[in-house]
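Residue strings, one per chain:
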Amino acid sequence: MSDKNNDRFTIGVIAGIILIFALADFVARFGLTGSEGKFGDEKFFRQARYEKMVFDIRLMLGKRETGDYFIGKNGRVFEQHLAKDYSQETILESMGVAGKLAKEYSASLMLIPSADEIWKEDLPKYADVFDQNAYLELLQNTGLGDSLVDVRSVLKEHAVEKLYYDTDPHWTNIASYYAYLAWREKNAKQQYYFDVDHRMMVTKRFQGAYAALKNLDLKADALYIFKETYQKPVTVWLDESVERQGYYRPEYIIDGNPYYYFLGNDFVTARIETGRDRDKTLFVIGDSYANCMIPFLAPHYREITFLNMENFQGDLWETLDAEICEDADVLLLQSVPGFLDCIGRLEIE
Amino acid sequence: MAFDSIVFLLRFLPIFLICYYVVPGRMKNFILFLGSLCFYAWGNPFYIVLLLFIATTDYLQGLLIERCRKRRTAGILLGNALVIDIAVLLFFGYADLGIATINTLFGTALPKTGLPIPMGLTIFTLQSMSYVIGLYRGEVKLQKNYFDYLVYLTLFPQMLGGPIVQYGELEGRLHDRRIELHQVSRGLQRFCIGLAKKALLADILAETWKCVSVLDIGGISLGTAWLGIVAFGLQLYYSLSGFADMAIGLSMCLGFEYPENFSHPFAAASVTEFANCWNISLMNWIRKFVHAPMTGEKCGGILQFIALFVSGALIGLWYGPDLTFLLCGIWMAFFYMFEKLFWGKVQKHLPGILNWIVTMIVVFAGLVFFAGNSLNEVWGYFLAMAGLGQGGLADRRFWYLMAEYLPYVVLGVLLAMPYLSTMANKMRQSKSVLFIAVYRLLEKTIPAILLIVSLVKIAAS
């Protein structure tokens, strides 16, 4: 090829590429789609495929992070809870809050470790995650041992089982059942029968919060519930205005995060009338981890009030003073990161 | 309008280039002027007035300087032109820095102007100053055609990050120019390489730096600190040199030839060499219009010292109105001077690799000023780089970041070295038919592939 033809070829190729892309951009914006589209729409450039290709290459080159998530062994996803995100000040304040709850309100403390603590060995090498075990031990060693339910140990014992969803950061129904057993044992409560071996599958197309990470080939989870919790005649009052029968919210299976099939997420307080003739009531200070555990707690109480800390914006101490009556047990039921995240909102003197 | 945006690449550029090539010779300047104004107006249309004001005043002062040549009035006119240029530069670029400094020093509460910095302010004012000073010195000819001067000053390719094109470098091509096929072909190739540097390399290195910069500076380890600052330096280099490559490529397509702005600065084995390879057009401008007039022909002693520090400070401030940029410039000037006075003599007896390591330590330490938000942060980072921070030598975060980003940092370092261009030159000059064929093939395919990947990446993000 002569020099001139060589130059013509180069110009032609580069100009051609720019023009093809420009034309595609034009069509995507103003033509064919009927309404104004966005350049990079899948149908034109298969954006998702490109992103996936780049993601896979970076995964091959050792990248183990995507946004706020770690990609662990076997492609398992973990929400990031980095050590740097929890200051010494937050930890001290959280200890103060836990202490106040335990001492002034005789609360049981159930702090649930998240998946990155229980399946630590599956995390990417050297991932600098917050040491939840050390934090729980700190609570244990500062005089809160009597109030603290050791959920971590029981979950560690069952670590080979599916304790957390693949497509969502929440724990599964079976994990919450094991935690419930630990709580029951610690508080010497009466035994009620739950059939672990014959749970009921609600859906096998559970796609939780991680489903938004389209670069990953995440297989859908299955969502189970215990049969014994399904047919009980319970009445749930959401924010004292909406009355529902039963713990479960099938609408979340179709639209939204299916995890909220357990009780939903559109309330600040949920009052559950269990229909049982019991002396006591329970006040739960919790986050979404509490949703799937409440059905196990229900047989022990006449009524359960669940204060959803993910939506609650008021003064916790004022609420507790106003709501808790003499026959009430108090339970703090949150994930460790969830508890630490809301510490900024809980002022103590 | 950024070069690495869809608006520029797929809308502005094709339409502009088609119009530019279709119109006959004398109309090209009109299209170029119109295109440049559109490009400039995209961010803040108000500042077009500022750009045209600078162009018009310096053009008129140029006419007067020429008319009063060999008279004392010419010097006054030059002074007048420079005062206007510098006043505009200081007011629109550095007023808020000045006010903040006064408030800190004297405890006052003067309100800031809050004006956004006009795009390319430090480029077009320096370019315009190069014209009036050059004209006064008799180094360039008077530009009688106002429109040609407007075209020179508003040229869009260098507006984002340089190079600073002195009037003398474009003088001969402003009114009329011939566009060669070979020039366009090379220009497009250069543009694609620049785009890939910015879109593919700089962005991922910026991600690495971001992971380090969000950490508590007091707690980072020596390894993390060095990994972070190397990633920062490389991303800065690939951003600036990527923009410069795109500007140079575009200038070739338009029939101009901009000067080179970077020449493998991270391969430098001395601070002097680094200064000669980094933002070359800015260095040349400062050398010619600040350093040389200050020191005169017989330079030496204290004057040389002062001129060097003033030059360093100005170079630092060119990058932005921040005290840390100023200190970065002074840091480099100090080591430049140190090398001239003492270290240079020692350097001659040291192996090249050792000189390179020492130079890189100085350069990357200097870049900490550039990256830091405050002096406290800079000091904390220095401590970490020296292994005196609370994080020790290497913590979990370091090993984690190494596992995540090492391939990109290594790739960034390798591509910043002159190995590839040396290899390409050898292949091009080779007498072997095979080498020439491979070279020709790669020369055509690599820019095209880089363009496709960059465009898809930009579209996807």
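Calculation notes
Residues numbered from 1 in each chain as written. Chains lettered and ligands numbered in written order. Predicted model: local features only at pLDDT ≥ 70, side-chain atom pairs only at ≥ 80, totals over all residues. Heavy atoms only, no water. Helix = DSSP H or I, 4+ residues; strand = E, 2+ residues; numbered from the N terminus. Buried < 20%, exposed > 50% of the residue type's maximum accessible area, 1.4 Å probe, protein only. Phe/Tyr/Trp six-rings, centres within 6.5 Å; stacked < 30°, edge-to-face > 60°. pLDDT = per-residue confidence, 0-100. Contact = heavy atoms within 4.5 Å. Pairing = 2+ DSSP bridges. 1 Å grid on protein atoms, 1.4 Å probe; cavity = no way out; pocket = protein on both sides within 12 Å on 5 of 7 lines; lining within 4 Å. Points joined across faces, edges and corners; volume = space filled by probe spheres on them. Nonpolar A, V, L, I, M, F, W, Y, C, P; charged D, E, K, R; others polar. Buried area = accessible area lost by both parts, 1.4 Å probe. Salt bridge = Lys/Arg side-chain N within 4 Å of Asp/Glu carboxyl O. Polar contact = N/O pair within 3.5 Å; in protein donor to acceptor, adjacent residues only side chain to side chain. Axes fitted to C-alpha atoms, helices over the stretch in contact; angles between N-to-C directions. Parallel < 35°, antiparallel > 145°, perpendicular 65-115°, else oblique. Left-handed = near helix turned anticlockwise from the far one by under 90°. Patch = residues over 30% accessible without salt bridge, like charges linked within 9 Å, V, L, I, M, F, W, Y side chains within 5 Å. Areas by Shrake-Rupley, 256 points an atom, 1.4 Å probe, with all protein chains shown as cover. Lys, Arg positive; Asp, Glu negative; His and termini not counted. Charge placed at Lys NZ, Arg CZ, Asp CG, Glu CD.

1. A short note on the overall build of chain A
So, point 1. Scanning chain A from terminus to terminus reveals 13 helices and 12 strands.
So, point 2. Buried positions account for 54% of the 349 residues belonging to chain A.

2. Section: the packing of aromatic side chains
Residue and element names in this part refer to chain B.
So, point 1. All chains considered together, the criterion is met by 82 aromatic pairs over all chains.
So, point 2. For the pair Trp331 and Phe369, a centre-to-centre distance of 5.6 Å together with 55 degrees between the ring planes defines the contact as tilted. Here the residue Trp331 occupies a position in helix H13 (residues 323-347), and Phe369 occupies one in helix H14 (residues 352-371), the gap between them amounting to 38 residues.
So, point 3. Summarising the aromatic geometry, the rings of Trp331 and Phe382 are spaced 5.6 Å apart at their centres and angled 25 degrees between planes, so their arrangement reads as stacked. One end of the pair, Trp331, is in helix H13; the other, Phe382, is in helix H15 (residues 375-385), with 51 residues separating them in the sequence.
So, point 4. The class for Trp331 is partly exposed, based on a relative accessible area of 22%.
So, point 5. These aromatic residues form a ring-pair network of at least three members: Phe3, Phe8, Phe12, Phe16, Tyr20, Tyr21, Phe39, Phe156, Phe191 and Phe243.

3. Notes on the confidence of the model for chain A
So, point 1. Mean pLDDT over chain A works out to 85, with 90% of the residues at or above the 70 mark.
So, point 2. Scored below 50 in pLDDT, residues 33-37 of chain A makes nine contacts in the model with residues more than four places away or belonging to other chains.

4. Quick notes on the sheet that holds strand S3 (residues 77-79) of chain A
Across a sheet, paired strands are connected by hydrogen bonds in the backbone, their directions being either parallel or antiparallel.
So, point 1. What the three strands build is an open sheet, ordered S1-S2-S3 (chain A); its pairing is antiparallel. The strands lining the two open edges of the sheet, one partner per strand, are strand S1 (65-66) and S3 of chain A.

5. Points about empty space enclosed by the protein
All names here are of chain A.
So, point 1. Enumeration according to the criterion identifies one cavity of 30 Å³ or more in this entry.
So, point 2. When its volume is computed, the largest cavity comes out at roughly 100 Å³.
So, point 3. Along the walls of the largest cavity sit 16 residues, with Val77, Phe78, Ala115, Pro169 and Tyr210 positioned nearest its centre.
So, point 4. At the level of secondary structure, the elements contributing two or more residues to the lining of the largest cavity comprise S3 and helix H5 (115-118).
So, point 5. For the lining of the largest cavity, the element with the most residues is S3, which contributes three residues.
So, point 6. For the lining of the largest cavity, the class distribution of residues is nine nonpolar, two polar and five charged.

6. Re the interface of chain A and chain B
So, point 1. Every contact between the two is made by 37 residues of chain A and, on the other side, 39 residues of chain B.
So, point 2. When chain A packs against chain B, close to 3500 Å² is buried across both sides, 64% of that on carbon and sulfur atoms.
So, point 3. Our count for the contact surface shared by chain A and chain B stands at zero salt bridges.
So, point 4. In this assembly, chain A and chain B are joined by three residue pairs in polar contact (both at pLDDT 80 or more).

7. A word on the sheet that holds strand S7 (residues 235-238) of chain A
Residues and elements named next belong to chain A.
So, point 1. The strand order S4-S12-S10-S11-S9-S7-S8 describes an open sheet built from seven strands, whose pairing is mixed. Pairing within the sheet leaves two strands with one partner each, and these edge strands are strand S4 (108-112) and strand S8 (242-245). Neighbour to neighbour, the strand axes of the sheet diverge by 20 degrees on average, direction disregarded.
So, point 2. In the packing of helix H12 (residues 316-323) onto the sheet, contacts are made with strand S10 (281-286) and strand S11 (303-308), and the angle to S10 comes to roughly 170 degrees.

8. Quick look at the packing of helix H2 (residues 28-41) of chain B against helix H6 (residues 146-154) of chain B
Residues and elements named next belong to chain B.
So, point 1. Where H2 contacts H6, the axes come no closer than 9 Å and their chain directions differ by 40 degrees. Classified by the interaxial angle, the pair formed by H2 and H6 is oblique. Both H2 and H6 take part in a crossing whose hand is left-handed. On H6, the residues that touch Asn29, Phe30, Leu32, Phe33, Ser36 and Leu37 of H2 are Phe147, Asp148, Leu150, Val151 and Thr154.

9. Re the pattern of salt bridges
So, point 1. Applying the stated criterion to the full structure yields 28 salt bridges over all chains.
So, point 2. When the shortest N-O distance is used, the salt bridge between A:Lys120 and A:Glu117 registers 3.3 Å.
So, point 3. In this structure, the salt-bridge partner of B:Asp203 is B:Lys198, at a minimum N-O distance of 2.9 Å.
So, point 4. Judged by its relative accessible area of 12%, B:Lys198 falls in the buried class.
So, point 5. Ionic contacts of the salt-bridge type, sharing partners, join the residues A:Glu117, A:Lys120, A:Asp131 and A:Arg152 into one network.

10. A word on the side chain of A:Asn291
Residue and element names in this part refer to chain A.
So, point 1. Within the element layout of this structure, Asn291 appears in helix H10 (residues 288-291).
So, point 2. What makes Asn291 buried here is its relative accessible area of 2%.
So, point 3. Setting aside anything within four residues of it in sequence, one finds Asn291 in contact with Tyr259, Tyr260, Phe262, Leu263, Gly264 and Phe306.

11. Details of a nonpolar patch on the surface
All names here are of chain B.
So, point 1. Taken together, Met294, Ile302, Leu303, Phe305, Ile306, Val310 and Leu314 make up a surface patch of nonpolar side chains, about 560 Å² in accessible area.
So, point 2. Among the elements that make up the nonpolar patch, the one with the highest residue count is helix H12 (residues 301-318) (six residues).
So, point 3. For Leu303, the location among the structural elements is in helix H12.
So, point 4. Given a relative accessible area of 40%, Leu303 falls into the partly exposed group.

12. Things to note about the environment of A:Gly67
Residues and elements named next belong to chain A.
So, point 1. Relative to the elements of secondary structure, Gly67 occurs in the loop between S1 and strand S2 (69-71).
So, point 2. Gly67 sits in the exposed class, given a relative accessible area of 59%.
So, point 3. Between the C-alpha atom of Gly67 and that of Gly208, which follows or precedes it by 141 residues, the distance is 16 Å.

13. Some points on a negative patch on the surface
Residue and element names in this part refer to chain A.
So, point 1. On the surface, a cluster of negative charge is contributed by Glu89, Glu93, Glu104, Asp315, Glu318, Asp321 and Glu347.
So, point 2. The element that contributes the greatest number of residues to the negative patch is helix H4 (residues 88-104), accounting for three residues.
So, point 3. Of note, Glu93 is situated in helix H4.
So, point 4. A residue is classified by how much of its surface remains accessible, and Glu93, at 33% relative accessible area, is partly exposed.

14. Some details on the packing of helix H1 (residues 6-22) of chain B against helix H18 (residues 433-460) of chain B
Residue and element names in this part refer to chain B.
So, point 1. Running from N to C, H1 and H18 point in directions that differ by 115 degrees, and their axes come no closer than 10 Å. Within the contact between the two elements, H1 uses Ile6, Leu9 and Leu10 and H18 uses Leu455, Ile458 and Ala459.
So, point 2. Split into classes, the residues belonging to the contact of H1 with H18 amount to six nonpolar, no polar and no charged.

15. What about unusual backbone geometry?
Residue and element names in this part refer to chain A.
So, point 1. With a phi close to 50 degrees, Ser106 is a non-glycine residue in the positive phi region.
So, point 2. Of note, Ser106 is situated in the loop between H4 and S4.
So, point 3. One non-glycine residue, Leu263, adopts positive backbone phi at about 75 degrees.
So, point 4. As for its position among the elements, Leu263 is in the loop between helix H9 (251-254) and strand S9 (269-273).

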